[in-house]
Amino acid sequence: MTLQMDDLQHLANNRWYSELPVPFQQFIQEHALIQHYQKEQAIFYSGDAFDGIYAVLDGAVRLGYVDIEGTESIAAIAEPIMWFGEISLIDQQPRSHDAIAIQKTRILHIPSAAIHTLLTTQPQFWFHIAQLTSQKLRIAFLELISIQTQTIRQRLALRLMLILQGYGNHVLIEKNVIQLSQEQLAQMLTCSRQTVNQELQALEKLGVLNLAFKKIEILDQEQLHRLAHTRQS
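Remember, it's a predicted structure, so these values are computed and weren't measured experimentally.

### Side note on helix H10 (residues 221-228)
Since one α-helical turn is 3.6 residues long, residues separated by three or four positions face the same way. Of the positions making up H10, those classed as buried are Gln223, Leu224 and Ala228. Projected down its long axis, H10 shows its buried positions confined to an angular sector of 135°, all on one face. The inward-facing, buried residues of H10 contact helix H7 (152-164) and strand S11 (215-218). A distance of 3.3 Å separates the backbone nitrogen of Glu222 from a side-chain oxygen at the start of H10, and that oxygen is part of Asp220.

Now the structure itself:
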């Protein structure tokens with residue numbers, strides 16, 4: 001199945017893809033496989049061998065890990081269009097986390113054989129793979145600093161802002177609604193659901209957002225941004 005016009009528009013709003021050289025963009029368009037996943041179906045599990053890189057075209061994917069006691073930790077929710085799975089390409093190690101569809105999801109998949117051939121014949125493209133990983137590393141450092149320096153409300157605001165921006169993936173923010181449960185948000189922030197609920201209600205009273213079932217509508221992006229980037233004195 002080939003990419004549709006809507007898929008190409010999604011790709012154009014992905015910051016990483018939009019800045020790629022034309023030959024790399026053409027490679028993605030020519031080698032992309034479109035895959036469909038049902039709710040709670042795995043794209044891959046922690047420990048699996050590298051089989052390619054992925055991007056979400058429609059739906060959403062939970063990136064995280066379940067420990068031996070069954071406790072789940074969520075690192076991020078990948079939505080259109082966010083790339084994932086490239087870490088194992090770089091370090092040649094098994095998958096470090098699970099990738100599970102949280103609703104009906106359509107995925108763009110570049111198989112490992114194709115990407116390895118490209119990088120062997122065109123090694124200059126490794127720079128762009130490094131850019132993709134560095135983007136996520138920058139976000140990880142930002143969140144680590146947030147944990148050390150900000151209140152839970154500020155950390156919540158930062159996480160909502162990052163989700164809205166597609167973790168740096170979006171050229172433009174096209175929507176203001178985040179499809180996410182409070183339980184999932186609590187797992188991301190490593191705090192209780194009750195704490196997240198209290199802080200969300202406080203932000204709702206400030207006019208920053210509006211709460212609904214498994215949905216958060218951002219009403220004031222500027223105020224959310226100010227909260228997210230405020231450091232405690």
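### Brief notes about the layout of surface pockets
Volume-wise, the largest pocket comes out at about 430 Å³. Broken down by secondary-structure element, the contributors of at least two residues to the lining of the largest pocket are strand S5 (72-78), helix H6 (126-149) and helix H8 (182-189). Considering each element in turn, the lining of the largest pocket owes the most residues, five residues, to H6. Within the lining of the largest pocket, the residues separate by chemical class into twelve nonpolar, five polar and four charged.

### As for the environment of Lys175
Looking at the element boundaries, Lys175 is found in the loop between H7 and strand S9 (177-178). Owing to a relative accessible area of 43%, Lys175 belongs among the partly exposed residues under this scheme. Sequence spacing of Lys175 and Ile110 is 65 residues, and the spatial spacing of their C-alpha atoms is 27 Å. If we skip the residues at most four places from it in the chain, Lys175 touches Glu79 and Leu164.

### Points about the packing of aromatic side chains
Going through the model one piece at a time under the given rule, you end up with seven aromatic pairs. The interplanar angle of 70° and the centroid separation of 5.2 Å between the aromatic rings of Trp16 and Trp83 together place this pair among those described as edge-to-face. You can see Trp16 sitting in helix H2 (residues 15-18) and its partner Trp83 sitting in strand S6 (residues 83-84), a full 67 residues away along the chain. When sorted by exposure, Trp16 lands in the same class as Trp83, which is buried. Ring geometry for Tyr54 against Phe84: centres 5.5 Å apart, planes inclined by 15°, an arrangement best described as stacked. One end of the pair, Tyr54, is in strand S3 (residues 52-58); the other, Phe84, is in strand S6, and 30 residues separate them in sequence. Aromatic rings pair up to connect Trp16, Phe24, Phe27, Trp83 and Phe125 into one cluster. One cation-aromatic arrangement involves Arg95 over Phe44; the distance from NZ or CZ to the ring centre is 4.1 Å.

### Some remarks on the packing of H6 against H7
Between two packed helices, the angle of one axis relative to the other and the distance separating the axes together describe the packing. Interaxial distance between H6 and H7 falls to 10 Å at its minimum, and their mutual angle equals 165°. For the element pair H6 / H7, the angle class is roughly antiparallel. In the packing of H6 onto H7, the handedness of the crossing is right-handed. Contact residues: H6 offers Ile139, Leu142, Glu143, Ser146 and Ile147, while H7 offers Arg155, Leu158, Arg159 and Leu162. Class assignment for the residues of the contact of H6 with H7 results in five nonpolar, one polar and three charged.

Conventions and cut-offs
- Residues numbered from 1 in each chain as written.
- Predicted model: local features only at pLDDT ≥ 70, side-chain atom pairs only at ≥ 80, totals over all residues.
- Heavy atoms only, no water.
- Buried < 20%, exposed > 50% of the residue type's maximum accessible area, 1.4 Å probe, protein only.
- Helix = DSSP H or I, 4+ residues; strand = E, 2+ residues; numbered from the N terminus.
- Arc of directions from axis to C-beta.
- Contact = heavy atoms within 4.5 Å.
- Polar contact = N/O pair within 3.5 Å; in protein donor to acceptor, adjacent residues only side chain to side chain.
- 1 Å grid on protein atoms, 1.4 Å probe; cavity = no way out; pocket = protein on both sides within 12 Å on 5 of 7 lines; lining within 4 Å.
- Points joined across faces, edges and corners; volume = space filled by probe spheres on them.
- Nonpolar A, V, L, I, M, F, W, Y, C, P; charged D, E, K, R; others polar.
- Phe/Tyr/Trp six-rings, centres within 6.5 Å; stacked < 30°, edge-to-face > 60°.
- Lys NZ or Arg CZ within 6 Å of the ring centre and 35° of its normal.
- Axes fitted to C-alpha atoms, helices over the stretch in contact; angles between N-to-C directions.
- Parallel < 35°, antiparallel > 145°, perpendicular 65-115°, else oblique.
- Left-handed = near helix turned anticlockwise from the far one by under 90°.

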